[in-house]
Structures are given as structure tokens and as C-alpha cells.
Amino acid sequence: REEAAALTAVFPVICEISSPEHVWCRGGGGDPILVGLMVKEGMLKRGTPLCVERKGHKDPDTGLQAYLDIGRVASIEKDRKPADVAKAGTAVSVKIDAVNSVLYGRQFDHTYPLYARITRKSIDAVREFFKDDLTKDDWSLLLKLKKQFGVV
């Protein structure tokens, strides 16, 4: 059960792209995006679904800011070595398995912060199985993202 929950659980994170020179993609939607990220808050884990704000768009259901899903973190490297987790304040290189229709440079660029896509299911999975893995700061970030995404 815990392995199944690990796929559902999303740990809270906010990242920034280091600079435009730290982004490699072939340009076709659906190709992996290789990007240098700085973890600002929370913890970045392999498998985390990432999203960005759709600037100027509102979600028609909630009236809140709309978000665009980019894809899931396929792998993380720190100092050229594979890593499973990157904590706040860490610079890492990340491979994102991109969603088919997303293009770097068109829908988002290096000025957009990347957020972990939080859902009700993911919050419940974290609460049930990974409660002890989160610090107080991680919990407050989770609550902040929950409000930001309008998760009920």
C-alpha cells in the first residue's frame, strides 16, 4: 500500500529555473526537458508532477489562477550524481518527462516558478504514509499550495 501511495503522494515544492542557459529541450512537445533548478521551498522528489501559472488565465470552476501541468520529474542529479530528493536551497539538474502539448519558450520560460501539483488525493497520501518525512516548513508550504490551487 505504501508503494502505491508513493506514486500518489506529492511533496510540496517551489523551484526556479536557474537561468535560460540551463534549459535543454528539443522543442517538440512531449520530449523530456532537461533543466537546472534551484529548490526555493520544500523538497523536490523523483515523480513530482510540476506545473506553472498560466499568466492572465483564471480557472473557470474556481475563479483562481489557472495552472499548466508541465510533466513529472523523471530524474534528479546533484553534482553529477543521481539523487532521489533535493531540499530547499539546493541547485540540481532535473529531467522532466513533459506533457505532450507543453513547449518551453511558448507556454512558460525561466521567469516562471515551478510548483508541485497538489491534489486532495496527494495530500491524503502524504498525511497517511509520509507524515514524519515533512518538517513544519514543509507542512506550511503544503497548506499554502493547497490554498493556491483551491484544493478542497
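The shown structure was predicted, so the numbers you read here are calculated from the model rather than taken from an experiment. (Residues numbered from 1 in each chain as written. Predicted model: local features only at pLDDT ≥ 70, side-chain atom pairs only at ≥ 80, totals over all residues. Heavy atoms only, no water.)

**Student:** Go over the side chain of Asp138 with me, naming the residues and quoting the values.
**Tutor:** Within the secondary structure layout, Asp138 lies in helix H3 (residues 136-149). If we skip the residues at most four places from it in the chain, Asp138 touches Pro12, Gly42, Met43 and Asp133. (Helix = DSSP H or I, 4+ residues; strand = E, 2+ residues; numbered from the N terminus. Contact = heavy atoms within 4.5 Å.)

**Student:** Pulling in residues and values, what's your account of unusual backbone geometry?
**Tutor:** Excluding glycine, most residues fall at negative phi; most peptide bonds, likewise, are trans. Of note, the phi angle at Asp79 is positive, near 55°, even though the residue is not glycine. Along the chain, Asp79 turns up in the loop between strand E5 (65-78) and strand E6 (81-83). You can call Asp79 exposed: its relative accessible area is 59%. Positioned with a positive phi, Arg80 is a non-glycine residue whose angle comes to about 65°. You can see Arg80 is positioned in the loop between E5 and E6. Using a relative accessible area of 78% as the deciding quantity, one classes Arg80 as exposed. (Buried < 20%, exposed > 50% of the residue type's maximum accessible area, 1.4 Å probe, protein only.)

Everything listed is a geometric property; what it means functionally is a separate question.
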